[in-house]
Amino acid sequence: MRKRIGEIYAYREMVASLVRRDLKGRYKGSALGFLWTFLNPLFQLAVYTMVFSVIMRSGIEDYYLFLFVALIPWIFFSTSLTGGADCILAQQDMVKKIYFPREVLPVAYVTSQFMNMLLSFLVIFAVLAFAHYPFRPLALLCLPVVMAVEYGLALGFTMVMSAATVYLRDLEYVLGIIAMAWQFLTPVMYAMEQVPQNVRWLFYLNPMTNIINAYRDILYYAKVPRLETLLSAFLIGIVMLSAGWIVFLRLQRHFVEEL
């Protein structure tokens with residue numbers, strides 16, 4: 001595994017080139033261009049806020065902030081999962097013609113989505129500052145840790161899905177349904193306290209639950225996440241990244257034949 005990581009590092013310029021190409025080409029030809037990076041989450045925020053603050057009232061104070069600080073990380077994860085499933089197929093000519101560590105493709109795709117999330121966090125901080133929400137420095141120090149854990153988790157899932165989609169093309173379409181159901185089973189639009197106590201343990205089996213709770217603790221409640229929340233999220237992220245990498249290495253042996 002260490003040798004493989006070193007090989008990917010040697011191809012870091014290729015990763016950077018793919019990330020730049022994705023970021024530049026995502027909204028190429030559109031009138032607003034890169035502004036859609038900020039407008040997309042804002043439009044989603046407006047819809048969810050109207051539904052849960054006006055129509056189906058949640059009763060949560062400043063619900064738009066409660067939702068926003070969790071929605072942006074969720075968009076990163078779900079986009080990595082659904083869009084990343086196609087990252088090998090989309091570059092099949094490259095895969096068939098030249099040698100490079102195949103992990104470069106999911107790494108580049110997830111990194112591109114991660115950069116997109118970081119840019120969206122500028123909007124989060126601007127909205128929090130405008131609403132006069134406090135920023136606790138000690139809590140903010142935990143934010144890079146939570147982001148790194150989510151990156152590892154997203155990369156692990158993307159590796160599995162991108163490799164599996166080469167063999168099962170329908171998986172690309174099924175993932176959209178899975179991601180939608182997954183969002184409703186993750187405390188993005190509601191608080192964990194609203195989940196019935198007798199089934200709450202099921203929600204904690206969801207690897208994204210502790211990550212979303214950690215983001216909300218840091219940004220909405222302005223407090224340091226509980227140690228068990230951070231440790232649980234960290235362990236799940238490491239396990240999923242390791243498992244995803246192992247599965248990818250096994251499946252990538254026959255990519256050329258399948259493509």
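Small disclaimer: the values here were computed from a predicted structure and weren't measured. (Residues numbered from 1 in each chain as written. Predicted model: local features only at pLDDT ≥ 70, side-chain atom pairs only at ≥ 80, totals over all residues. Heavy atoms only, no water.)

Colleague: How should I be thinking about the pattern of salt bridges in this particular structure?
Modeller: In total, this model carries 1 salt bridge according to the counting rule given. The shortest N-O distance in the salt bridge between R226 and E228 comes to 3.5 Å. (Salt bridge = Lys/Arg side-chain N within 4 Å of Asp/Glu carboxyl O.)

Colleague: Explanation requested: empty space enclosed by the protein in the structure shown.
Modeller: Over the atoms a probe the size of a water molecule is rolled, and this reveals where empty space is left. Scanning the model with the defined rule gives 1 cavity of 30 Å³ or more in all. Taken together, V145, V146, V149, I211, L230 and A233 make up the lining of the largest cavity. The set of elements that each furnish at least two residues to the lining of the largest cavity consists of α9 (143-167) and α13 (227-251). In terms of residue count, the dominant contributor to the lining of the largest cavity is α9 (3 residues). A per-class count over the lining of the largest cavity returns 6 nonpolar, no polar and no charged. (1 Å grid on protein atoms, 1.4 Å probe; cavity = no way out; pocket = protein on both sides within 12 Å on 5 of 7 lines; lining within 4 Å. Points joined across faces, edges and corners; volume = space filled by probe spheres on them. Helix = DSSP H or I, 4+ residues; strand = E, 2+ residues; numbered from the N terminus. Nonpolar A, V, L, I, M, F, W, Y, C, P; charged D, E, K, R; others polar.)

Colleague: How should I be thinking about the environment of S232 in this particular structure?
Modeller: Structurally, the position occupied by S232 is in helix α13. On the basis of relative accessible area, S232 is assigned to the partly exposed category, the value being 24%. One polar contact links S232 to N210, side chain to side chain, over a distance of 2.9 Å. (Buried < 20%, exposed > 50% of the residue type's maximum accessible area, 1.4 Å probe, protein only. Polar contact = N/O pair within 3.5 Å; in protein donor to acceptor, adjacent residues only side chain to side chain.)

Colleague: Where do I start with the packing of aromatic side chains in this structure?
Modeller: Applying the stated rule across the entire model yields 17 aromatic pairs. Centroid distance W74 to W182: 6.3 Å. Interplanar angle 65 degrees. Geometry classified as edge-to-face. Placement of W74 in helix α4 (residues 63-84) and of W182 in helix α10 (residues 171-184) is noted, with a sequence separation of 108 residues between them. For W182, a relative accessible area of 14% puts it in the buried group. Between F114 and Y151, the aromatic rings sit 5.4 Å apart at their centres with planes inclined by 75 degrees, giving edge-to-face as the arrangement. Of the two residues, F114 sits in helix α7 (residues 104-130) while Y151 sits in helix α9, which places them 37 residues apart along the sequence. (Phe/Tyr/Trp six-rings, centres within 6.5 Å; stacked < 30°, edge-to-face > 60°.)

Colleague: Which parts of the structure should I look at to understand the packing of α4 against α7?
Modeller: For any two helices packed against each other, one specifies the crossing angle of their axes together with the interaxial distance. At their nearest, the axes of α4 and α7 sit 10 Å apart, and the two run at 170 degrees to each other. The angle between α4 and α7 places the two elements in the roughly antiparallel class. Residues Y64, L65, F68, V69, I72, P73, F76, T79, S80, G83 and G84 of α4 touch α7, and the partners they reach there are Y109, V110, Q113, F114, M117, S120, F121, V123, I124, V127 and L128. Each residue belonging to the contact of α4 with α7 can be placed in one class, and the counts come to 16 nonpolar, 6 polar and no charged. (Axes fitted to C-alpha atoms, helices over the stretch in contact; angles between N-to-C directions. Parallel < 35°, antiparallel > 145°, perpendicular 65-115°, else oblique. Contact = heavy atoms within 4.5 Å.)

Colleague: How do you make sense of unusual backbone geometry when you look at a structure like this?
Modeller: The general pattern is negative phi for most residues beyond glycine and trans for most peptide bonds. Here D62, not a glycine, exhibits a phi torsion of approximately 50 degrees, which is positive. By the element assignment, D62 lies in the loop between α3 (36-55) and α4. Located in the positive-phi region is H132, a residue other than glycine, with phi close to 60 degrees. Residue position: H132 is located in the loop between α7 and α8 (137-140). Of the residues examined, H132 reaches a relative accessible area of 71% and is grouped as exposed.

Colleague: It is not clear to me how the packing of α4 against helix α12 (residues 207-219) should be interpreted in this structure. Could you clarify?
Modeller: The geometry of α4 relative to α12 is characterised by a closest axis approach of 9 Å and an angle of 140 degrees between their N-to-C directions. As far as their axial angle goes, α12 and α4 are oblique. The way α4 lies across α12 gives a crossing that is right-handed. Of the residues in α12, those touching α4 at F66, L67, V69, A70, P73, W74 and F77 are M208, I212, Y215, R216 and L219. Each residue belonging to the contact of α4 with α12 can be placed in one class, and the counts come to 11 nonpolar, no polar and 1 charged. (Left-handed = near helix turned anticlockwise from the far one by under 90°.)

Colleague: Looking at this structure, I do not really get the environment of M240. What am I missing?
Modeller: Along the chain, M240 turns up in helix α13. Among the residues examined, M240 registers a relative accessible area of 17% and is labelled buried. Separated by 83 residues in the primary sequence, M240 and F157 have C-alpha atoms spaced 7.0 Å apart. If we skip the residues at most four places from it in the chain, M240 touches L153, G156, F157 and V160.

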